Amino acid sequence: MTNALVIGAGLAGLTAALRLHQAGHDVTVLEARDRVGGRALSLPVAQGGIDLGSAWIWPAYQPRVVALLKELGLTTLAQYEDGDFIYEAAAQTQRGAFPKRYSDAARIRGGVQRLAKKLAVTLPQGTIRFGQVVRAIDLAHCPHVETESATWDAEVVVCAVPGPIVSTWDMTPAWSPEVSQALTQWPTWMAAHAKLVALYDKPFWRDAGLSGGAVSHVGPLFEVADQSDPEANFFGLFGFVGVPFDERQDREMLVEQSLAQLSRLFGPQAAQPTKVEIMDWAAEPFTATPFDQTPPNGHPPYGAPALSHPVADRLIFAGAEVSQRNGGLIEGAIETGERAAAKVSPALVS
Ligand SMILES: Cc1cc2nc3c(=O)[nH]c(=O)nc-3n(C[C@H](O)[C@H](O)[C@H](O)COP(=O)(O)OP(=O)(O)OC[C@H]3O[C@@H](n4cnc5c(N)ncnc54)[C@H](O)[C@@H]3O)c2cc1C
């Protein structure tokens, strides 16, 4: 029997696992996918990585991610915003020095998934069990977790999986009405979205005095930004796809229309990328349920109080959407991972 079982190898689960390991506990992480990072996923490119999931942190307001990056020896680069921004509407397209949109934002060098990978290699080998899809938890006795292929016992469980997924599990005893409601109150942050990245040999937009930033009401991309890292030898743009989930299943057409839009915005070279990749998070069963496929209107008030208390003294929730101050964000994932570890640690026999 392991003494702490962490479910989910996203940034929250991995942070909890690291802190529990550092406190001297025996930890096992159950992860459904065959990789770490969850919504932190970076496409390897040249000497770096371009983000297909989360990309930005805001170091001025996010002390936990800054401290963790420092602890793990990772560095950041500022979001590039030199040059003109483009605003595309049906009636006209405007180019100009609009107020900076991402002035405080930074990216993690190598991509956000690099942080997840660093956390993972800091844990003892074999700590993370991949392909373990949790389906049921029995908290009536010693916590007993069932995946599709195995059963696991532990003294405590840290549950770092998005709420709408957790709400589908078979629980003994059943979740309280408050927990049940909190798990399904809001869609998981950004789970409804798809992101397109296009890589290029040269940053032709920078050469033309453009920042690579755009907002569009024409689409299919509604927001575009530069995702290059010249030090790592790659140049790229990313865009959030503004087409609803049901209407964006024809990938070829989506790529064609997106490249046509990037050409309208930044010049004809945009039609000739060296690589294009689309990541549709709404189609990912370990991120999104059908409930998550429609985005919320604005940023939900995550951090339901019912999720901040231990359940049956044996299970504690972590995850970006559990955070009240940084709900849905990388900072919230780290904050709740650290908090969960601190809460369960004193109860564990090392
Ligand atoms: C397109 C996109 C853009 C984003 N942009 C930003 C940004 O710029 N800045 C920012 O701060 N945040 C951003 N986010 C949000 C950020 O990625 C998340 O806040 C953060 O990664 C959440 O980490 P987590 O560990 O809480 O959850 P997750 O990363 O979702 O991790 C949950 C883990 O649980 C696993 N899992 C799921 N089901 C099961 C199961 N049944 N059994 C076992 N394991 C399971 C998953 O595979 C996953 O590894 C973005 C997200 C997306 C998708």
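Residues numbered from 1 in each chain as written. Predicted model: local features only at pLDDT ≥ 70, side-chain atom pairs only at ≥ 80, totals over all residues. Heavy atoms only, no water.

1. A few points about the sheet that holds strand S5 (residues 56-57)
Strand order in the open sheet formed by three strands is S5-S9-S6, and the pairing between neighbours is antiparallel. Lying at the two open borders of the sheet, with one neighbouring strand each, are S5 and strand S6 (76-78). Where S6 lies against strand S9 (residues 106-108), three bridges are found, and the strand directions are antiparallel. Paired with alanine 78 across the bridge in S9 is alanine 106. (Pairing = 2+ DSSP bridges. Helix = DSSP H or I, 4+ residues; strand = E, 2+ residues; numbered from the N terminus.)

2. Some details on the packing of helix H1 (residues 11-22) against helix H8 (residues 330-344)
Taken N-terminus to C-terminus, the directions of H1 and H8 make an angle of 35°; their axes are 7 Å apart at the nearest point. Handedness of the H1/H8 crossing: right-handed. In this structure, H1 uses Leu11, Ala12, Thr15, Ala16, Arg19 and Leu20 to contact H8, whose residues at the interface are Ile330, Ala333, Ile334, Thr336, Gly337, Glu338, Ala341 and Val344. Its residues assigned to classes, the contact of H1 with H8 comprises nine nonpolar, three polar and two charged. (Axes fitted to C-alpha atoms, helices over the stretch in contact; angles between N-to-C directions. Left-handed = near helix turned anticlockwise from the far one by under 90°. Contact = heavy atoms within 4.5 Å. Nonpolar A, V, L, I, M, F, W, Y, C, P; charged D, E, K, R; others polar.)

3. Considering the site of the ligand
Lining the immediate environment of the ligand, one finds 35 residues, of which Glu31, Arg39, Trp56, Ala320 and Gly328 sit closest. Here alanine 12 contributes a backbone N or O atom positioned 2.9 Å from an oxygen atom of the ligand. Contact distances for the ligand include 2.7 Å between an oxygen atom and a backbone N or O atom of glycine 328. Burial of the ligand by the surrounding chains reaches 98%, relative to a free accessible area of 1000 Å². Looking at the shell around the ligand, the elements that each hand over two or more residues are H1 and H8. (Near = heavy atom within 4 Å. Polar contact = N/O pair within 3.5 Å; in protein donor to acceptor, adjacent residues only side chain to side chain. Areas by Shrake-Rupley, 256 points an atom, 1.4 Å probe, with all protein chains shown as cover.)

4. Comments concerning the domain arrangement of the protein
Reports often express the size of an interface as the amount of accessible area lost when the parts come together. In terms of domains, the protein is made up of domain 1 (1-40 + 112-187 + 300-350) and domain 2 (41-110 + 192-283). Taking only C-alpha atoms, the centre of domain 1 and the centre of domain 2 are 30 Å apart. Counting residues at the interface gives 23 residues for domain 1, matched by 21 residues for domain 2. The contact between domain 1 and domain 2 buries some 1900 Å² in all, and 61% of this surface belongs to carbon and sulfur atoms. It is Val112, Arg114 and Glu331 that lose the most area in domain 1 upon contact with domain 2, and together they represent 31% of the buried surface on that side. Where domain 1 meets domain 2, there are two salt bridges. Residues arginine 19 and glutamate 71 are paired through a salt bridge, measuring 2.9 Å at the closest nitrogen-oxygen approach. The interface formed by domain 1 and domain 2 includes 10 residue pairs in polar contact (both at pLDDT 80 or more). When residues of the side of domain 1 that touches domain 2 are traced back to their parent elements, those giving at least two are H1, helix H3 (112-122) and H8. (Domains from an automatic or database assignment. Buried area = accessible area lost by both parts, 1.4 Å probe. Salt bridge = Lys/Arg side-chain N within 4 Å of Asp/Glu carboxyl O.)

5. With respect to the sheet that holds strand S17 (residues 221-226)
Pairing within the open sheet is mixed, and its seven strands lie in the order S8-S7-S16-S17-S18-S15-S19. Each edge of the open sheet is held by one strand with a lone partner, namely strand S8 (93-96) and strand S19 (275-280). Across the sheet, the mean angle separating the axes of adjacent strands is 15° when strand polarity is ignored. Inspection of the sheet shows strand S15 (residues 194-200) paired to S19 by six bridges, in the antiparallel sense.

6. Some thoughts on the pairing of strand S7 (residues 84-88)
As defined by bridge partners, S7 adjoins strand S16 (residues 210-216) across four bridges and the pair is classed as parallel. In the sheet register, isoleucine 86 faces S16, and the bridge partner there is alanine 214. Pairing geometry for S7 and S8, over four bridges, is antiparallel. Opposite tyrosine 87, over in S8, you have glutamine 94 as the bridge partner. Remark: four residues form the turn of the hairpin made by S7 and S8, two consecutive strands paired antiparallel.

7. Considerations on the environment of proline 300
Inspection of the secondary structure puts proline 300 in the loop between S19 and strand S20 (315-317). For proline 300, a relative accessible area of 6% translates into the label buried. When the C-alpha atoms of proline 300 and glutamine 185 are compared, they prove to be 9.4 Å apart, with 115 residues separating the residues in sequence. Discounting residues that sit within four places of it in the chain, proline 300 has contacts with Trp186 and Trp189. (Buried < 20%, exposed > 50% of the residue type's maximum accessible area, 1.4 Å probe, protein only.)

8. Looking at the layout of surface pockets
Empty space among the atoms becomes apparent when a probe as large as a water molecule is rolled across them. In this structure, the second largest pocket occupies an estimated 190 Å³ of space. Taken together, 13 residues make up the lining of the second largest pocket; nearest its centre are Val243, Pro244, Phe245, Arg248 and Pro295. Per-class residue counts for the lining of the second largest pocket are seven nonpolar, four polar and two charged. (1 Å grid on protein atoms, 1.4 Å probe; cavity = no way out; pocket = protein on both sides within 12 Å on 5 of 7 lines; lining within 4 Å. Points joined across faces, edges and corners; volume = space filled by probe spheres on them.)

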